[in-house]
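These are the residues of each chain, in order.
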Amino acid sequence: MSGLKFHLVPFGCQMNIYDSQKMEAILAKSGYRRTGCPEEADLILLNTCSIREKAENKVFSMLGRLGELKKNGAEPVIALGGCMATLRKDEIFRRAPMVDVVFGPDNMENLPRLIEEFTATGARRIDAEFADHTVWDGMDAGQTAVCAHVGIAKGCDNHCSYCIVPRTRGPEISRPPESILAEARLLAEKGCAEVTLIGQNVNSYGKGGSADFPALLKMVEKVPGIRRIRFMTSHPKDLGEPLVQTMADSKKICPAVHMPVQAGSNRVLSAMNRGYTAEEYLEKVARLRKAVPGVSVSSDLMVGFPGETEEDFQETLNVMKTALFDGIFLFNHSPRPGTKSADLPGLVTREVSQSRFYRANALHKAIMAEKLSSMVGTEQEVLCEGPAVGGGDGVQGRTRGNHLVFFDGGPELVGQTLKITITRVLGYNLGGKTTV
Ligand code: SF4
C-alpha cells in the first residue's frame, strides 16, 4: 500500500476535527500519506457534519466537483465519513453516485478494510451503524503537534430541541480515565505541551464512573510534560462550583471556557430545552469571572429559532452586552429533519434571521475591538504552536485565555512558552513581539 496518498476535507465541529486526526492516524498505519491536492490523491475523504443544513449542502456540492475528477480519467476512491454518513446512509449512494465508501463516526477503524474491499470488488461499501459500545477505549491519535485534542466523551444525553447530535452520535459515554491519561502521556512524550479535552458535553464527563470532570482535570494536570489543559464544550447547566474551584486552583488549566448560551430569551431557551435561564447563565459567567481572574468566556449563539420575536432577539443582545464574550460562533437556526424544532410553528424568515445575524455579529465585533485594544501593551504568556497560518510571516500561538497571537520568529520557537508583548489588534486576533 505504500506510496498511496489521501486528501481529507473536514467539515464541522471540534469533535470532527478530532475524528479527522484519528482518520489520518488510521490511514497512516495503512501506508497512506496526506496530500493537499485532490487531483493527485488515491483516496478522497470527506469528514462530514450534520448539525446545519448548510454544511450538508456544501458536502453535496463538493461531491459534485469531485465527481468531475473521476470523469477526467483519475480514479480516486471517494469515501464519506462523519455524522452525515450515519444520518443519511440510506440516500447517499443514490444522491451521490461518485461516492464509493460510506462509514460512520463509530466505524472509522474499519476504513482501510472498506477501501480494500471496494478496490478488490468494485462493490460500494457502507458501514455506518452505531457501534453498540458501553466502553470507549480510544486509541493513539498519532498526533505530533504541540497542541492536541484528546476525546474524553462522546454522544449527548441532552436533547436540545434543534440538535441532531444525539441521533448521529448516540447517548453520552465517557472514556475511562486510564485510557485518557495513557493518550495524554503518549502525546507528551511526542512533544505535546497542550491538550484540549473534548466532548459534546465535556463537563458532564464521568456520569456513573470512577471520576467526574474536575477529578479528571486534576489527573491530567499530573501528566509530566503537559503544560496547559483546555476543554470544550461546556454545558452551562453542568458548570458547578467544583469545576470553577478546580480552575481557580490550577496553574495548568487555561482560564478559558466555551459555554454556549444559544439565546437570551427564557421563552426561547425553554423551547430549545436548554435547561437554564438567561439569569442563571449570567450568574455562572459572573462566578467564573470572579473566581478565575482574566478568564475568557466564549459562546455559541443561535438566531432565528422558530417563534423568536424581535423582543426575544433583543434579550440575546442584552446577554451579549452583559457577558462580553471573548469569542462567539453565531448561527442561523437550521431545521434538521427529525429534531423537535424542525416542526415548531413560527418560522422566522431567512431575511429576518439574517438581519439578526448581522446585528449580533456587529455587536460582537464592537465588544471584541474594545477588549482586544485593551490588551495592547500587556504582556501575555503564549505557547508557540507553529508557523503563522493564513499567509503571514513568523509564528503563532495562543494566550492562556485562548487569544491567537502572531509574532516574529522561526521554527526554533515552536513548543516554547514565551512572554509576548501585545503590540496591535489584527481583526479578531493579536500581533505581538517577544518581550526582551
Ligand atoms: S448539549 Fe444540546 S446542542 Fe450540545 S450536543 Fe447535546 S443536544 Fe446537541
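Residues numbered from 1 in each chain as written. Predicted model: local features only at pLDDT ≥ 70, side-chain atom pairs only at ≥ 80, totals over all residues. Heavy atoms only, no water.

**Comments concerning the confidence of the model for the protein chain**
(1) Moving on: Scored by pLDDT, the protein chain has a mean of 91; 96% of the residues are at 70 or more.
(2) Moving on: A low-confidence stretch, residues 132-136 stays under pLDDT 50, and its non-local contacts, those more than four residues away or across chains, total 13 contacts. (pLDDT = per-residue confidence, 0-100. Contact = heavy atoms within 4.5 Å.)

**Examining the packing of aromatic side chains**
(1) Moving on: The tally for this structure, following the rule as stated, stands at five aromatic pairs.
(2) Moving on: Where Phe 6 meets Tyr 32, the ring centres are 6.4 Å apart and the plane angle is 80 degrees; that geometry is what we call edge-to-face. Highlighted residues: Phe 6 in strand β1 (residues 4-10) and Tyr 32 in strand β2 (residues 32-34), separated in sequence by 26 residues. You'll find Phe 6 and Tyr 32 in the same group, each marked buried.
(3) Moving on: Relative to Phe 325, the ring of Tyr 281 has its centre 6.3 Å away and its plane inclined at 65 degrees; by these criteria the two rings are edge-to-face. Residue Tyr 281 is located in helix α11 (residues 278-291), and its partner Phe 325 is located in the loop between α12 (310-323) and β14 (327-332); the two are separated by 44 residues in the primary sequence.
(4) Moving on: Residue class for Phe 325 comes out buried when judged on its relative accessible area of 2%.
(5) Moving on: Through successive ring pairs, a cluster of aromatic residues spans Tyr 276, Tyr 281 and Phe 325.
(6) Moving on: The ring of Phe 60 is capped by Arg 95, whose NZ or CZ atom sits 3.8 Å from the centre of that ring. (Phe/Tyr/Trp six-rings, centres within 6.5 Å; stacked < 30°, edge-to-face > 60°. Helix = DSSP H or I, 4+ residues; strand = E, 2+ residues; numbered from the N terminus. Buried < 20%, exposed > 50% of the residue type's maximum accessible area, 1.4 Å probe, protein only. Lys NZ or Arg CZ within 6 Å of the ring centre and 35° of its normal.)

**A look at a negative patch on the surface**
(1) Moving on: Residues Glu 279, Glu 280, Glu 283, Glu 311 and Glu 315 make up a contiguous surface patch of negative charge.
(2) Moving on: Among the elements of the structure, α11 and α12 are those that each provide at least two residues to the negative patch.
(3) Moving on: The element that contributes the greatest number of residues to the negative patch is α11, accounting for three residues.
(4) Moving on: Looking at the element boundaries, Glu 283 is found in helix α11. (Patch = residues over 30% accessible without salt bridge, like charges linked within 9 Å, V, L, I, M, F, W, Y side chains within 5 Å. Areas by Shrake-Rupley, 256 points an atom, 1.4 Å probe, with all protein chains shown as cover. Salt bridge = Lys/Arg side-chain N within 4 Å of Asp/Glu carboxyl O. Lys, Arg positive; Asp, Glu negative; His and termini not counted. Charge placed at Lys NZ, Arg CZ, Asp CG, Glu CD.)

**Here we look at the pattern of salt bridges**
(1) Moving on: Following the criterion strictly, the structure yields 28 salt bridges and no others.
(2) Moving on: Where Glu 310 meets Arg 356, a salt bridge forms, and the shortest distance between an N and an O atom there is 3.8 Å. In this pair, Glu 310 is assigned in helix α12 and Arg 356 in helix α13 (residues 350-375), connecting sequence segments 46 residues apart.
(3) Moving on: The buried category is assigned to Arg 356, whose relative accessible area is 6%.
(4) Moving on: Between Glu 310 and Arg 359 there is a salt bridge, and its shortest N-O distance comes to 2.5 Å. Placement of the pair is Glu 310 in helix α12 and Arg 359 in helix α13, with a sequence separation of 49 residues.
(5) Moving on: Connected through shared salt-bridge partners, Glu 56, Arg 88, Glu 91, Arg 95 and Arg 336 make up one network.

**Thoughts on the sheet that holds strand β12 (residues 256-258)**
(1) Moving on: The strand order β12-β13-β14 describes an open sheet built from three strands, whose pairing is parallel. Both outer strands of the open sheet, β12 and β14, are each paired with one neighbouring strand and no more. Across this sheet, the average inter-strand angle for adjacent strands is 10 degrees, counted without regard to direction.
(2) Moving on: Examined bridge by bridge, β12 and strand β13 (residues 296-303) share three bridges and lie parallel to one another. What sits directly across from His 258, in β13, is Ser 298. (Pairing = 2+ DSSP bridges. Axes fitted to C-alpha atoms, helices over the stretch in contact; angles between N-to-C directions.)

**Some remarks on unusual backbone geometry**
Peptide bonds are, in most cases, trans, and in most cases residues other than glycine have a negative phi.
(1) Moving on: Cis rather than trans, the peptide bond between Met 232 and Thr 233 has omega equal to 5 degrees.
(2) Moving on: In this structure, Thr 233 sits in the loop between β11 (228-232) and α9 (241-249).
(3) Moving on: Positive phi values are uncommon outside glycine, yet Gln 262 reaches one of about 75 degrees.
(4) Moving on: In this structure, Gln 262 sits in the loop between β12 and α10 (266-272).
(5) Moving on: A positive phi angle, close to 45 degrees, is found at Leu 324, a residue other than glycine.

**Let's talk about the site of the ligand**
(1) Moving on: Near the ligand you find Cys 156, Asn 158, His 159, Cys 160, Tyr 162, Cys 163, Val 165, Pro 166, Gln 200, His 235 and Arg 274, and these make up its full shell.
(2) Moving on: Of the residues assigned to the shell around the ligand, the class counts are six nonpolar, four polar and one charged. (Near = heavy atom within 4 Å. Nonpolar A, V, L, I, M, F, W, Y, C, P; charged D, E, K, R; others polar.)

**Some thoughts on the domain arrangement of the protein chain**
(1) Moving on: Split into domains, the protein chain comes out as domain 1 (4-127), domain 2 (133-254), domain 3 (259-374) and domain 4 (376-434).
(2) Moving on: Between domain 2 and domain 3, the C-alpha centre-to-centre distance is 25 Å.
(3) Moving on: Listed per partner, the contact involves 19 residues of domain 2 and 24 residues of domain 3.
(4) Moving on: Here domain 2 packs against domain 3, burying approximately 1,800 Å² in sum over the two surfaces, 63% of which is carbon and sulfur.
(5) Moving on: When the buried area of domain 2 at its contact with domain 3 is split by residue, Ser 161, Tyr 162 and Pro 236 rank highest and sum to 40% of it.
(6) Moving on: Counting across the interface, domain 2 meets domain 3 through one salt bridge.
(7) Moving on: Arg 287 is paired through a salt bridge with Glu 241; the nearest N and O atoms lie 2.5 Å apart.
(8) Moving on: Of all the elements, α9 adds the most residues to the side of domain 2 that touches domain 3, at five residues.
(9) Moving on: Split by residue class, the side of domain 2 that touches domain 3 holds nine nonpolar, seven polar and three charged. (Domains from an automatic or database assignment. Buried area = accessible area lost by both parts, 1.4 Å probe.)

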